[in-house]
Amino acid sequence: MINHPSPPSEMPEFTQFSPEDLTHRRKQLRRQRRWHLLQGIWRMMAMAGLTTGVVTVAVSPRWTIQAPTQVDVSGNHLLSENAVYELLPIEYPQPLLTLQPQAIEQQLVKAGPIAEAVVSRRLFPPGLNVRIDERNPVAIAIPDTTMPVASLKEVVPFRQMGLLDESGYWMPYNSFTQLNDDFEPPTLQVRGMKASYQKDWPKLFETLQQSPIKITEIDWRDPSNLILQTDLGTVHMGSYNHRISEQLLALDQMRNLDSQLDLEKIAFIDLQDPQNPTVEILQATTAP
């Protein structure tokens with residue numbers, strides 16, 4: 001067997017540069033390096049100028065909060081603008097850009113009867129925009145007198161007299177009165193409100209608001225017997241449950257009870273079973 005020699009492999013081709021080409025290439029590379037250097041210097045100068053501008057604006061009297069009148073308040077109905085100004089954690093004068101909107105929002109919610117606050121800076125004219133969502137008090141929370149009295153210096157929810165909003169959020173009684181002299185507290189009273197009742201309060205309050213019979217007081221001190229004070233007298237509802245609407249409907253059907261009985265002689269109306277309501281009459285006492 002005859003082995004034929006393989007053809008020689010092709011040699012790689014190398015680009016040949018003339019001295020003129022190499023000189024031109026070196027000049028081009030130097031120009032690129034100078035351009036990148038100039039770009040870096042320009043960026044540094046731009047950043048330095050921007051930083052100087054920000055600092056200048058921050059300390060300039062023109063961009064400073066000088067007084068509460070530069071704060072635009074919106075969303076307030078129960079609280080006056082001056083009341084909101086008092087809650088703002090701002091010491092005047094203060095540079096606008098040094099203020100922290102999120103910290104101000106948190107302080108407003110923490111210090112006042114405010115459910116939510118949105119704070120933003122305003123450059124023209126310089127100032128702040130403050131939009132608040134107030135808590136609307138719907139009932140006076142009267143603590144259970146059988147519970148130990150909390151220290152007068154310590155604000156303890158549900159252990160002292162307070163206000164409730166529609167969600168069951170508890171506020172100190174002076175939350176509005178100390179900020180608004182014209183504040184009128186709600187007429188509905190709740191005795192024995194507890195933190196554990198908060199989850200049930202929104203539905204209970206909404207249902208009671210729909211009752212044609214006026215309700216002035218809720219006594220929740222005994223969880224096994226919710227007691228209502230109404231235009232028809234005292235009503236025992238038993239433990240709070242999903243039948244509350246049915247119970248109030250039965251109460252409405254008894255709205256003409258005063259034409260049959262003297263309401264002053266009624267001890268209470270028992271609606272624990274709304275299908276069979278009963279009326280307890282006060283027992284007459286005989287003098288010895």
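(A) How the structure looks around the sheet that holds strand β2 (residues 71-74). If you walk across this open sheet you meet the three strands as β2-β5-β4, and the pairing is mixed. Edge strands, defined here as strands with exactly one partner in the open sheet, are β2 and β4 (114-122). Going across the sheet, the axis of each strand differs from the next one's by a mean of 15°, ignoring polarity. For β2 and strand β5 (residues 127-134), the ladder comprises four bridges, and the chain directions are parallel.

(B) Highlighting helix α5 (residues 201-209). Inspection of α5 places Trp 201, Leu 204, Phe 205, Thr 207 and Leu 208 among the buried residues, and these make up the whole buried set. One side of α5 carries all its buried residues, which in axial view fall inside an arc of 165°. Tucked inside the fold, the buried residues of α5 contact β6 (137-142), β7 (162-165), β9 (189-191), β10 (215-219), β11 (227-230) and α6 (244-252).

(C) Representation of the packing of aromatic side chains in the model. Following the criterion strictly, the structure yields six aromatic pairs and no others. Plain terms: the ring middles of Phe 158 and Trp 170 are 6.3 Å apart, the flat faces sit at 50° to each other, and that makes the pair tilted. With Phe 158 in the loop between β6 and β7 and Trp 170 in strand β8 (residues 170-172), this residue pair connects regions lying 12 residues apart in the sequence. Of the two residues examined, Phe 158 and Trp 170, each falls in the buried class. Considering the side-chain rings of Trp 220 and Tyr 240, the 6.1 Å spacing of their centres and the 70° angle between planes classify their relative orientation as edge-to-face.

(D) Highlighting the pattern of salt bridges. Counted according to the given criterion, the structure contains seven salt bridges. Asp 165 is the partner of Arg 135 in a salt bridge, and the nearest nitrogen-oxygen pair spans 3.0 Å. Of this pair, Arg 135 sits in the loop between β5 and β6 while Asp 165 sits in strand β7; the two residues are 30 residues apart in sequence, bridging distant segments of the chain. Judged by its relative accessible area of 15%, Arg 135 is buried. The partner of Glu 217 in a salt bridge is Arg 191, and the shortest N-O contact between them spans 3.1 Å. Of this pair, Glu 217 sits in strand β10 while Arg 191 sits in strand β9, placing them 26 residues apart in sequence. Judged by relative accessible area, which is 26%, Arg 191 ranks as partly exposed. When salt bridges with common partners are traced through the structure, they connect Arg 243, Glu 246 and Asp 273 into a single cluster.

(E) Geometry of α6. For α6, the set of buried residues is Ile 244, Gln 247, Leu 248, Ala 250, Leu 251 and Asp 252. Residues of α6 that are buried sit in contact with α5, β10, β11, β12 (233-236) and β13 (266-270).

(F) Local environment of the nonpolar core. Leu 164, Trp 201, Leu 228 and Ile 269 are the most contacted members of the largest nonpolar core, which totals 32 residues. Elements with a minimum of two residues in this core: β6, α5, β10, α6 and β13. Not counting residues up to four positions away in its chain, the partners in contact with Leu 228 are Leu 208, Ile 215, Glu 217, Ile 218, Gly 233, Thr 234, Val 235, Met 237 and Leu 248. Core analysis: the second largest hydrophobic core is formed by 27 residues, Ile 90, Leu 128, Leu 163 and Met 171 among them.

Conventions adopted
Residues numbered from 1 in each chain as written. Predicted model: local features only at pLDDT ≥ 70, side-chain atom pairs only at ≥ 80, totals over all residues. Heavy atoms only, no water. Pairing = 2+ DSSP bridges. Helix = DSSP H or I, 4+ residues; strand = E, 2+ residues; numbered from the N terminus. Axes fitted to C-alpha atoms, helices over the stretch in contact; angles between N-to-C directions. Buried < 20%, exposed > 50% of the residue type's maximum accessible area, 1.4 Å probe, protein only. Arc of directions from axis to C-beta. Contact = heavy atoms within 4.5 Å. Phe/Tyr/Trp six-rings, centres within 6.5 Å; stacked < 30°, edge-to-face > 60°. Salt bridge = Lys/Arg side-chain N within 4 Å of Asp/Glu carboxyl O. Core = buried A, V, L, I, M, F, W, Y, C linked by side-chain atoms within 4.5 Å.

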